[in-house]
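One-letter residues, chain by chain:
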Amino acid sequence: MDLTELLPEDWRDRLDLDPLAMSALSAYVSEEYETQTVYPPREDLFNAFRHTRYADARVLILGQDPYHGPGQAHGLSFSVREGVKLPPSLRNIYKELATDLAVEPTKNGDLTRWADQGVLLLNAVLTVRAGEAASHAKKGWEVFTDAAIRALNDKQERVVFVLWGAYARKKAALITNPLHYVHESAHPSPLSAKLFFGTQPFSAVNKALADAGQTEIAW
């Protein structure tokens, strides 16, 4: 499996990727899919990039690694397909959305509707072994996804970067273009939800987009 070839062309052309590092990552991920139960399914691996073209990307919501339970991960950070029980972090995201913008909570956890509006729902690590959180961390994915963040930083129209939790907030160092806007807060996990609630990320994103003359996200 050549990960570079699986990546949509518009993103592939924008990412500054080391061929040797990508070859090593491709070999590792291919072996994992062959010998382990790995999420998301192979065909969903680059869903974030498929649903949000580089030219259309105007918001990044950064997660850490995919959900590691069966039927959950489908290639979009924090998202689960319709009919799958909402994970705790997503429930808290919806609670904050309800208080921030009065958007009625839903049982549909599929965030594709956000991705199709230009919200890149990216995890820093794109694969995980079943039942083993962070099992594919530090295997090369971080270099790949840092390249995606840098590519967004290079855009000459505003991108809003939403960084939830200590891990994501470290990526703020990659965002150097003064055109962009960074919203940082605690993670929506139940462990830190008390600090996440009230941070109003969704209205902040829409204000930052509107201030740059862009259409707001219909959350």
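Residues numbered from 1 in each chain as written. Predicted model: local features only at pLDDT ≥ 70, side-chain atom pairs only at ≥ 80, totals over all residues. Heavy atoms only, no water.

In the nomenclature of an unreviewed UniProt entry, the chain corresponds to Uracil-DNA glycosylase from the organism Actinocorallia longicatena. Turning to the chain, the UniProt record has this under Function (unreviewed entry): "Excises uracil residues from the DNA which can arise as a result of misincorporation of dUMP residues by DNA polymerase or due to deamination of cytosine." Quoted verbatim from the Catalytic activity (unreviewed entry) field of UniProt, the annotation for the chain is "Hydrolyzes single-stranded DNA or mismatched double-stranded DNA and polynucleotides, releasing free uracil." (UniProt positions renumbered as here; feature names shortened; annotations may be inferred.)

The subject of this paragraph is the sheet that holds strand β3 (residues 119-123). Taken in spatial order, the four strands of this open sheet run β3-β2-β5-β6, and their pairing is parallel. The sheet terminates laterally at β3 and β6 (181-185), the two strands that pair on one side only. Sheet twist, expressed as the average angle between the axes of neighbouring strands with direction ignored, equals 15°. The strands that helix α7 (residues 141-153) touches are β2 (59-63), β3 and β5 (160-164); relative to β3, the one it contacts most, it runs at about 155°. (Pairing = 2+ DSSP bridges. Helix = DSSP H or I, 4+ residues; strand = E, 2+ residues; numbered from the N terminus. Axes fitted to C-alpha atoms, helices over the stretch in contact; angles between N-to-C directions. Contact = heavy atoms within 4.5 Å.)

On the UniProt side, "active site" (unreviewed entry) is annotated at positions that read Asp65 here. Along the polypeptide, Asp65 turns up in the loop between β2 and α5 (88-101). For Asp65, a relative accessible area of 21% corresponds to the partly exposed category. Beyond its immediate stretch of four places on either side in the chain, Asp65 contacts Asn123, Val125, Val128, Ala133, Ala134 and Ser135. A distance of 2.6 Å separates the side chain of Asp65 from the backbone nitrogen of Ala134, its partner in a polar contact. (Buried < 20%, exposed > 50% of the residue type's maximum accessible area, 1.4 Å probe, protein only. Polar contact = N/O pair within 3.5 Å; in protein donor to acceptor, adjacent residues only side chain to side chain.)

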